[in-house]
Amino acid sequence: MIGGAGMLLAASPAQAADISYKTECIPPAISGLPPVEGTTQVQLTAPAQAKVGDTVEVVWKTVAAASKNPDVLDLSKDTVQPTGTIKLGGAATGDLKMEGPRQNPPIPKNSAMLLSDMKGSLKLEKAGDLTLTPDAYNINVSKPISTDTKCTPKETVKPGATIKVTDGGGTTAGGTTDGGTDAGGTTDGGTDAGGTTDGGTDTGGTDAGGTDTGGTATGGDTGGTDAGGATAGSGGTGGATDFPGKEVAVNFACKSPGPASIESKVTVNAKKNGGSYGLTVKTAKGVMDSPADLPAGALKPSMQIVIGGADKGSVAVTGPGNPDPLKTGKPVDLPDMTGTYKPGASGKSTLTPGTLTIDVTLGGSKINIPCTVKGAVKASLELDTTAQQGGASGGDTSGSGSGGAAAAAGGGTASGGGLAATGAEDNGALRALGLVAGTAILLGGAVFTFTPWRRLRSGR
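Cut-offs applied
- Residues numbered from 1 in each chain as written.
- Predicted model: local features only at pLDDT ≥ 70, side-chain atom pairs only at ≥ 80, totals over all residues.
- Heavy atoms only, no water.
- Helix = DSSP H or I, 4+ residues; strand = E, 2+ residues; numbered from the N terminus.
- Buried < 20%, exposed > 50% of the residue type's maximum accessible area, 1.4 Å probe, protein only.
- Contact = heavy atoms within 4.5 Å.
- Areas by Shrake-Rupley, 256 points an atom, 1.4 Å probe, with all protein chains shown as cover.
- Disulfide = S-S within 2.5 Å.
- Polar contact = N/O pair within 3.5 Å; in protein donor to acceptor, adjacent residues only side chain to side chain.
- Phe/Tyr/Trp six-rings, centres within 6.5 Å; stacked < 30°, edge-to-face > 60°.
- Pairing = 2+ DSSP bridges.
- pLDDT = per-residue confidence, 0-100.
- Core = buried A, V, L, I, M, F, W, Y, C linked by side-chain atoms within 4.5 Å.

**Things to note about the overall build of the protein chain**
Okay, step 1: The helix and strand tally for the protein chain stands at 1 helix and 31 strands.
Okay, step 2: The buried share of the protein chain, taken over its 460 residues, is 51%.
Okay, step 3: Within the protein chain, counting contacts between residues at least 6 apart in sequence, those at least 24 apart form 77% of the total.
Okay, step 4: For the protein chain, the computed accessible surface area is about 17900 Å², with 50% contributed by carbon and sulfur atoms.

**Side note on the environment of leucine 75**
Okay, step 1: Secondary-structure assignment places leucine 75 in the loop between strand 6 (68-69) and strand 7 (80-90).
Okay, step 2: For leucine 75, a relative accessible area of 3% gives the class buried.
Okay, step 3: For the pair leucine 75 and methionine 113, spaced 38 residues apart in sequence, the C-alpha to C-alpha distance is 9.6 Å.

**A short note on the state of the cysteines**
Okay, step 1: One pass over the full model with this rule turns up 2 disulfides.
Okay, step 2: Paired through a disulfide, cysteine 25 and cysteine 151 show a sulfur-sulfur distance of 2.1 Å. On the sign convention where negative means left-handed, the S-S torsion of about 110° between cysteine 25 and cysteine 151 marks this disulfide as right-handed. Taken as a pair, cysteine 25 in strand 2 (residues 14-26) and cysteine 151 in strand 12 (residues 147-153) lie far apart in primary sequence, 126 residues in all. Each member of the pair cysteine 25 and cysteine 151 is classed as buried.
Okay, step 3: Disulfides within the protein chain link the bonded cysteines, taken in sequence order, as 1-2, 3-4.

**Examining the environment of aspartate 359**
Okay, step 1: Tracing the sequence through the fold places aspartate 359 in strand 25 (residues 347-362).
Okay, step 2: On the accessibility criterion, aspartate 359 (11% relative accessible area) is buried.
Okay, step 3: When the C-alpha atoms of aspartate 359 and glycine 321 are compared, they prove to be 9.2 Å apart, with 38 residues separating the residues in sequence.
Okay, step 4: A polar side-chain atom of aspartate 359 sits 2.9 Å from a polar atom in the side chain of asparagine 368.

**Details of the packing of aromatic side chains**
Okay, step 1: Per the stated rule, a full pass over the model turns up 3 aromatic pairs.
Okay, step 2: A centroid spacing of 6.1 Å and a plane angle of 65° characterise the contact between phenylalanine 243 and tyrosine 277, whose relative ring orientation is edge-to-face. Here phenylalanine 243, found in strand 16 (residues 242-243), pairs with tyrosine 277, found in strand 19 (residues 276-282); they are 34 residues apart in sequence, far enough to count as distant.
Okay, step 3: Members of the aromatic cluster, each reached through a chain of ring pairs, are Phe243, Tyr277 and Tyr341.

**Some points on the pairing of strand 11 (residues 128-141)**
Okay, step 1: In terms of residue burial, strand 11 counts as a mostly covered element, since 10 of its 14 residues are buried.
Okay, step 2: With 10 bridges connecting them, strand 7 and strand 11 associate as antiparallel partners. Among the inter-strand pairings, glycine 90 is bridged to a residue of strand 11, identified as leucine 130.
Okay, step 3: The pairing of strand 11 with strand 13 (residues 161-166) spans 5 bridges and is antiparallel. Across the sheet, residue leucine 130 finds its bridge partner in strand 13, namely isoleucine 163.

**Here's the deal with the confidence of the model for the protein chain**
Okay, step 1: Taken as a whole, the protein chain shows an average pLDDT of 72; of its residues, 60% reach a score of 70 or greater.
Okay, step 2: Counted against residues more than four places away or in other chains, residues 170-237, with its pLDDT under 50, gives 215 contacts.

**Focus on the nonpolar core**
Okay, step 1: In terms of nonpolar packing, the biggest core is built from 38 residues, with Trp60, Ile86, Leu122, Leu130, Leu132 and Ile163 touching the most fellow members.
Okay, step 2: Broken down by secondary-structure element, the contributors of at least two residues to this core are strand 2, strand 3 (36-47), strand 5 (55-64), strand 7, strand 8 (94-99), strand 10 (118-123), strand 11 and strand 13.
Okay, step 3: With 5 residues, strand 11 is the largest single contributor of residues to this core.
Okay, step 4: Judged by nonpolar contacts, the second largest core, of 37 residues, contains Phe243, Ile305, Val373 and Leu381.

**Here we look at the side chain of asparagine 104**
Okay, step 1: Inspection of the secondary structure assignment puts asparagine 104 in the loop between strand 8 and strand 9 (111-112).
Okay, step 2: On the basis of relative accessibility, which here comes to 4%, the residue asparagine 104 falls in the buried class.
Okay, step 3: For asparagine 104, the side chain forms a polar contact with the main-chain nitrogen of threonine 79, separated by 2.8 Å.
Okay, step 4: Among the polar contacts made by the side chain of asparagine 104, one reaches the main-chain amide nitrogen of valine 80 at a distance of 2.9 Å.
Okay, step 5: If sequence neighbours within four positions are ignored, asparagine 104 has contacts with Ser76, Lys77, Asp78, Thr79, Val80 and Leu114.

Put into structure tokens, the structure is as follows:
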């Protein structure tokens, strides 16, 4: 077996050879950028001879990465870490995992990527010629979040070094990986924005472009009259005009670059105005930590409130932008969101939190982060409604907000055209977002976009 146990030997004199191979680097999906092709030049250093039972060290020096740091953003000191894989052949088979320290000088825009040397160790357990061939590698950037660019060979690569292993009484086996960690990095800030990136898996999140477009939410009863909402009484026959909702817990599944899963307390309140209701929706405090210094008005929330019970449809509620500039790492509270519900049916109608969307606008470009409801959700409010001409009854009653009706919450279904758009306006907008106020990094042709998220906490 090839392993990392035993004492490290500097065996016979080391050998070093430069190997060049065509390489394709895959940007994170959120970037919307195509793969980048270039030439990687690697120098492997390993002992020329060793004995069975020895543990030897292999060094991977990246003489030239497949691409430069583009003319977008300077990379700070000690923010870049490489990991890679060496293929074993001949006297052993398997992969040797390589890892370098997170050490680099400042890397200016439009200059060569400077990667630290990667090292790995293996225990020799079979006599013969053991070949070492450089293979895929990963470049992890830790700021503003941990994000990866994955690079793989696009041609057959020649061995970069050969160790002549003499018989020392070892056992025969193939090989196992050691000496490093899988290519990829740990995503900072938030749960699964993303998580630990396993080598070879495309990171950077799901494409924020999404596929849902247009439409209104129909679907069944999303909360029912027993879903725990506050009963508003007879909302259409006079008397009370203010109808406070109950705080309900909501789990959201967000598309990249948002967190994979967040939780919040949400309250839907209503105020009767003629035959319609003015809605005010409150979410949790401390939705996230600001990913960068953001100017006032750069971050705006919106939500789709799903109508159930006697009535069907959705109501878009929107909030204003952040009133004050936001500082990097400081908690962000979403402002209250408001909208108007015009009933389309008479009876007991429920209002349930649906898709939450956070829009960030920087330098004229907008990134859209949709967070759909995951699992069952109780209705926050129940109203006695009276049908109004032009009211809901299966449609979006507001005609405003961040793009049509939401996917139904708590078991409803979405149909028709007009579901909230789940991505940026187009590919160009994502590329243009390219990176204002330090919220994204372009590295090796890959855009690394922000958001160190914190789980949404208890409600107001």
